[in-house]
Amino acid sequence: MKRALDTLLLMLAGLAIWQVMHLAAPFALTSPAGTAARTWQMLASTTFWPHAAETAKAFGWALLLAVVGGLALGFSLGLNRTSAEVAEPILVSVYSLPKVTLYPLILLVFGLGVPAKIAFGTLHGIIPIAIFAMNAVRNVAGVHFKTARVMRLSRRQTLLTIVIPGALPEIVSGLRIGFSLTLLGVLIGEMFASQRGLGYLIMNAIGLHDVPTIMATILLLAIVAVSASALLLWLDRRLHHRVA
Amino acid sequence: MTRVGLIRLLVVGGFIVALELLCRTGAISPRVLLAPSDMAVRLIKLLASGKATADIVETLGNVAISLVLSVTGGFVIGALIHAVPRLRAAIDPFLASYYALPFFAFYPLFIVLFGLGRGAIVAIGFLFGVVAMIIATLNGFDRIPRVLLRTAAVHHMSPAATALLIKLPSAVPYLFTGIKLAIAYCFIGVIAAEFIMASSGLGYAISYAFNNFDNGTMYALMLFVIVLVTIVNALFYSYERRLLRRWGR
Amino acid sequence: MSTAARAIDGAARDTTGSDLHAEMRAVTRVYPGGIHALAATDLRLRRGEFYSVIGPSGCGKSTLLDVLAGLSAPTSGEILFEGRPLDGRVPEGVGVVFQEDASFAWLNVADNIVFGLRRDGVDASEIARRLDDALRLMGLVDFAKAYPAQLSGGMRQRVCIARTLVMQPRMILLDEPFGALDAQTRLIMGDELLKVWRATGATVLLITHALDEAAMLSDRIGLMSARPGRIIEELATGWPRERDSRIAADPAFGAITARLWSVLREESLKTMRQGKPS
C-alpha cells in the first residue's frame, strides 16, 4: 500500500516538473492539461485510428518474428556450449551497433512501406531476445541435464520439461526488452519510411511544429509501452520468485 | 588465440567472404549492396580525401560528450536513488519501462531549447545512455556483499568513507556493464538523431548519401561506423576482462 | 563420568585471569515482524579466555555476536565492554571475523591486511612491522602481492584474520569463520586460531555449530537453546593453554563432546520441529 502511495507521489512530482517546464518554455512543451485535451481530441477523431491500426499491425508482425526468431536462434546456440561461447560476443557486438546505420540497406532491400517497417522492428527486437534466451539455456544447471539423462528422457522431453521451465524467467526478461525495442524499431521505421502510422504522425507534427500533437502521440505510446512493460515486469518477478 | 576465438574468426570471416561472393556473382545487385571489398576501398579513399573528416570529428565529439555526461550523471543519480530506499522502490517500474519510450521524439523540443546543432543531439545521446548507467549503478550497489558493509562498520568507517572505499570498488564490475551499455546507447542515440534530423555529422552524411543515391559514399560511411563501434567495444571489453580476471569475477 | 566431572570442574584450573572483559545482561533481540532471535541472554567473558558459543542452526548465535560487537542494537538489556556500555557503534579494541569472505577483491593481500591501519593514520614503519608479523603468523608471506581471487577459501579467511589482527584488538569475535571450508581445512584453521590467540592474549569468542571445534579449541563453551536463543548451560574444558587439535586424543574430549551433543540433540530436534526460520 505504501508502495502505491509512493508511486503516486512520484507521478505527481513528475507532473509538477512537467508543468514548471511548460511555464518556462511554453512553445516547446505543452502543459499536462493541454496534452490531455489533445489526446482526448485525437482519440475521438476519425483520422487517428487508421494510423494506430497501421502501427499495431506492423508491430504485431515484427514482434512475432522477433520472438520466434530470437527464441529459435537463442535456443539452438545455447544448447551447445561451444556455439554459445562463440556466438555471445558476436551477438553482443551486433546488439551495440547503431542499427540506424543498416536502415538504408533495409530500405534498399524492402523498399518503402510496411515490409520495411516490420523489418526494422524485427531487427531491433530479435537480438536481445536471442541473447537472453541463449544465456537462459546456458544457465540451466548442468546437474539438471544429468538428471534428465538418468531419467532417460528423450531430447524433446528434456527440452519441454526441464530446459524451458528452467529458462523461462530469463526468457521473459528478454521478451520484456525485446517488446520495447521492437516497438521502437517500428516507430523509427515509420518516422522516415512511411506515410502512415504513429511514427509518421510524429514526424509530420514535427514538421508542422504542432507540439500538442507530438506530445499527445508520445503520451499514448508511453501509456501502451509502460503498461505492457509493467505487465511483463510483473510476470518476470513472479517467475523469478518461483525459481529463486 | 583460443580455440573459441579461432572459430569466431572463421565464422565472421566466412560471413564476409560469403557476402563478397554473393555480390561479385551478381546474386545481390550492386544497387542494393556493395561488395565488402568495394566498401573497404571506398572508405579508404573517402578518409584519404578528407571529405568526411569534419562529420566524423563532429559525431565523435557528440558521442564523447554525451558519454561522459551519461556515465557521471547516471552514476551520481543512481547512487542518490540507492541511498533513499523509498524513492528507489517508487521509481523502479519507471526505470524498467524507460527504454520502451520513443523519447527521441523529444528531439524537436531540444532544438527549441538548445537551438539547432550539437546541444540537441548530445541531449538525445545523454537521454539514451544515462538510464542504462543508472540501472547498472543500482544493480551494482544492490549486490555489494553485506559482509563488506559490516566490515566497514567494524572499522568505524563513516558513510562517505564506506561509499568511496568499499561500495564503489565493490560495484565496479556492474559499473563497467553500465559503461559498456552507455557507450552503445550513446552511439545509437547520436547517430540516429543525426540520421533523422540533423544537418551535419555521420548520421546526416549517411542519410544524405542515401537520399542522393550515392551508394558508394553511403556504404563507406556505414562500414566506418560499424568498424568504429566494434573497435571501441573490443578495446573496452578487453580492458574490463583484464581487470576483472585479477579481481576474480 | 569421572572424566566429565573433571572437565566440568576445570573452572578450578582456569589460568586465563578472572577480570570480566565483556558482559551481556538480560539481552533480548526482537526483529521487526516479531521474530524473537534472542531471549533474555546472559554472558560473561573473562579477559583472555577462549569461549565458544554452540547451538542448533537458527538459534540466534549470529545475532548474539552482532549484538555483542555493537553491529546491531539489542531490544532490551545491556552490553558492557571493558566496563562501559556500548554506544551504538563497534567499540574500539574489538575485531570481528565473519563467515563470508570479507576480503576486498580489488586489493592485494598486503593492502587488504593494512587497510584498517592506513585509515587510522598509523605511521608507515609501524604498519610495515605489523604487516610483517601478521604475514608470518598466518603463513601468508609468499602471497603478499597476490589478489584474493588467486587464493583458496582458507587462505582468504587467513587474510581476514590477519586484517583483524594488525589492529591489535583486545577482543576478537568470530562468526562461524570456518563454516565455508572443508572439515580438514577447518581443523588446521582451528590450530591457527589458537596460535593467534596465544600470540595476542586477546579474549576470543567463537560462534560455531561444530561440536568438535568447540570442544577442542575452547576454555569454556556456552550452549544455546533453540529459538528464541539463550545460553542454557556452560561447560569448562580445563585444557592447558598450549594446545592444538590433537587434544582430541585426550579422553576428556570424548566426554565433553558427548555432553555437548546430549544437550544439543534436544535443542536441534526442537529446531527441526519449528521449521525453517523465514
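Reading the values: the criteria
- Residues numbered from 1 in each chain as written.
- Chains lettered and ligands numbered in written order.
- Predicted model: local features only at pLDDT ≥ 70, side-chain atom pairs only at ≥ 80, totals over all residues.
- Contact = placed C-beta atoms within 7 Å.
- Helix = DSSP H or I, 4+ residues; strand = E, 2+ residues; numbered from the N terminus.
- Axes fitted to C-alpha atoms, helices over the stretch in contact; angles between N-to-C directions.
- Left-handed = near helix turned anticlockwise from the far one by under 90°.
- Nonpolar A, V, L, I, M, F, W, Y, C, P; charged D, E, K, R; others polar.
- Pairing = 2+ DSSP bridges.
- Domains from an automatic or database assignment.

Notes on the interface of chain B and chain C
- At the interface, 13 residues of chain B touch 16 residues of chain C.
- Elements with a minimum of two residues in the side of chain B that touches chain C: α7 (146-154) and α10 (215-247) of chain B.
- For the side of chain B that touches chain C, the element with the most residues is α7 of chain B, which contributes six residues.

Observations regarding the packing of helix α3 (residues 53-83) of chain B against helix α6 (residues 118-142) of chain B
Residue and element names in this part refer to chain B.
- Put simply, α3 and α6 touch, their axes get as near as 6 Å, and they point 40° apart. For the pair α3 and α6, the crossing hand works out as right-handed.
- Considered class by class, the residues forming the contact of α3 with α6 number 17 nonpolar, ten polar and one charged.

Some details on the sheet that holds strand β10 (residues 231-236) of chain C
Residue and element names in this part refer to chain C.
- Pairing in this open sheet of six strands is mixed, and the strands run β6-β7-β8-β3-β9-β10 from one edge to the other. In this open sheet, the two edge strands, each paired with only one partner strand, are β6 (94-97) and β10. For this sheet the average axis-to-axis angle between neighbouring strands, irrespective of direction, equals 15°.
- The pairing of β6 with strand β7 (residues 171-175) spans four bridges and is parallel. Within β7, the residue paired with Val-94 across the bridge is Met-171.
- The sheet strands contacting helix α2 (residues 61-69) are β3 (50-54), β6, β7, β8 (203-208) and β9 (220-224), and the helix crosses β7 at an angle near 150°.

Overview of the domain arrangement of chain B
- Domain parsing of chain B yields domain 1 (1-33) and domain 2 (36-247).
- Between the C-alpha centres of domain 1 of chain B and domain 2 of chain B the distance comes to 29 Å.

As for the pairing of β10 of chain C
- Relative to β10 of chain C, β9 of chain C runs antiparallel, the two being bridged by five bridges. Within β10 of chain C, the residue paired with Gly-222 of chain C across the bridge is Glu-234 of chain C.

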